[in-house]
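Chain and residue survey
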Amino acid sequence: GENVEQHPSTLSVQEGDSAVIKCTYSDSASNYFPWYKQELGKRPQLIIDIRSNVGEKKDQRIAVTLNKTAKHFSLHITETQPEDSAVYFCAVREKLTFGTGTRLTIIP
Amino acid sequence: DAGVTQSPTHLIKTRGQQVTLRCSPKSGHDTVSWYQQALGQGPQFIFQYYEEEERQRGNFPDRFSGHQFPNYSSELNVNALLLGDSALYLCASSLGLSNQPQHFGDGTRLSIL
């Protein structure tokens, strides 16, 4: 089955700086890569996704890049704000295999 | 436009009992997937229903079963509950089977005593 590794497990960033979270996957046939944000006690919320025919996708302060050859994709958050503090999960394919999560803390 | 709704929000059971969790998909969605999320971990895929049939299944025992109704709502049943079944059970809905965005409900928190 698919194996998804996510790094780092925790990340602290000064407000206004950028944050980068990386995931690697094992199945070269994987073709859909969403990112979810989960605040404490709440549902995972889809924040951005990318398909394998695209190398990069951006939505305001959030971007995702995909390297199919190396089988990794990354979430980039620029100009971080306190409300960006949450756990972020990457996932792979329609039968979503999730990464282990990154707890992002924005330091005011 | 109603999002994904799940019931109940919390449930307490004892070992050996059986439980049924319910999910109504987001309006316009026809596919329902179920996930188990243990504390501090990412969601683990249980199974997916489309056109009232189980289409894909994760690495969960047969104690976990489900059903999808003609109105696209779904149930997750767990028999012979174990302490390790304590978790947040999340339902996600999407349109069709081909890599469409999945939207999650708030989940059912199941505690096994």
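Residues numbered from 1 in each chain as written. Chains lettered and ligands numbered in written order. Predicted model: local features only at pLDDT ≥ 70, side-chain atom pairs only at ≥ 80, totals over all residues. Heavy atoms only, no water.

What to know about the state of the cysteines
Taken as a whole and assessed by the stated rule, the structure comprises 2 disulfides over all chains. One disulfide in the model links Cys23 of chain A with Cys90 of chain A; its S-S distance is 1.9 Å. Looking along the S-S bond of the Cys23 of chain A-Cys90 of chain A disulfide, the torsion reads about -95°, which is the left-handed sense. Here Cys23 of chain A is found in strand S3 (residues 19-25), whereas its partner Cys90 of chain A is found in strand S9 (residues 86-92), with 67 residues between them in sequence. Across the disulfide, Cys23 of chain B is cross-linked to Cys91 of chain B (sulfur-sulfur distance 1.8 Å). Between Cys23 of chain B and Cys91 of chain B the sulfur-sulfur dihedral comes to about -55°; the bridge is accordingly left-handed. Of the two residues, Cys23 of chain B is situated in strand S3 (residues 19-24) and Cys91 of chain B in strand S9 (residues 87-94); the sequence distance between them amounts to 68 residues. The two residues Cys23 of chain B and Cys91 of chain B agree in class, both being buried. (Disulfide = S-S within 2.5 Å. Helix = DSSP H or I, 4+ residues; strand = E, 2+ residues; numbered from the N terminus. Buried < 20%, exposed > 50% of the residue type's maximum accessible area, 1.4 Å probe, protein only.)

Quick notes on the interface of chain A and chain B
Of the residues lining the interface, 16 residues belong to chain A; the matching set on chain B comes to 20 residues. Carbon and sulfur atoms make up 48% of the surface buried where chain A meets chain B, a total of about 1600 Å² over both sides. The partner of Arg43 of chain A in a salt bridge is Asp106 of chain B, and the shortest N-O contact between them spans 2.7 Å. At the boundary of chain A with chain B, the tally comes to 6 residue pairs in polar contact (both at pLDDT 80 or more). Those elements that place two or more of their residues in the side of chain A that touches chain B are strand S4 (32-38) and strand S5 (45-51) of chain A. (Contact = heavy atoms within 4.5 Å. Buried area = accessible area lost by both parts, 1.4 Å probe. Salt bridge = Lys/Arg side-chain N within 4 Å of Asp/Glu carboxyl O. Polar contact = N/O pair within 3.5 Å; in protein donor to acceptor, adjacent residues only side chain to side chain.)

Quick look at the nonpolar core
The biggest cluster of nonpolar side chains holds 24 residues, and the ones touching the most others in it are Trp35, Phe73, Leu75, Tyr88 and Leu104 of chain A. Of all the elements in the fold, those that place two or more residues in this core are strand S2 (10-14), S3, S4, S5, strand S7 (62-67), strand S8 (72-77), S9 and strand S11 (102-107) of chain A. (Core = buried A, V, L, I, M, F, W, Y, C linked by side-chain atoms within 4.5 Å.)

Some words on unusual backbone geometry
Look at the link from His7 of chain A to Pro8 of chain A: it is a cis peptide, with omega at -5°. For the peptide bond that leads from Ser7 of chain B to Pro8 of chain B, omega is -10°, which places it in the cis range. Within the element layout of this structure, Pro8 of chain B appears in the loop between strand S1 (5-7) and strand S2 (10-13). Despite not being glycine, Gln60 of chain A has its phi angle at roughly 55°, a positive value. Relative to the assigned elements, Gln60 of chain A resides in the loop between strand S6 (56-59) and S7. Judged by its relative accessible area of 71%, Gln60 of chain A falls in the exposed class.

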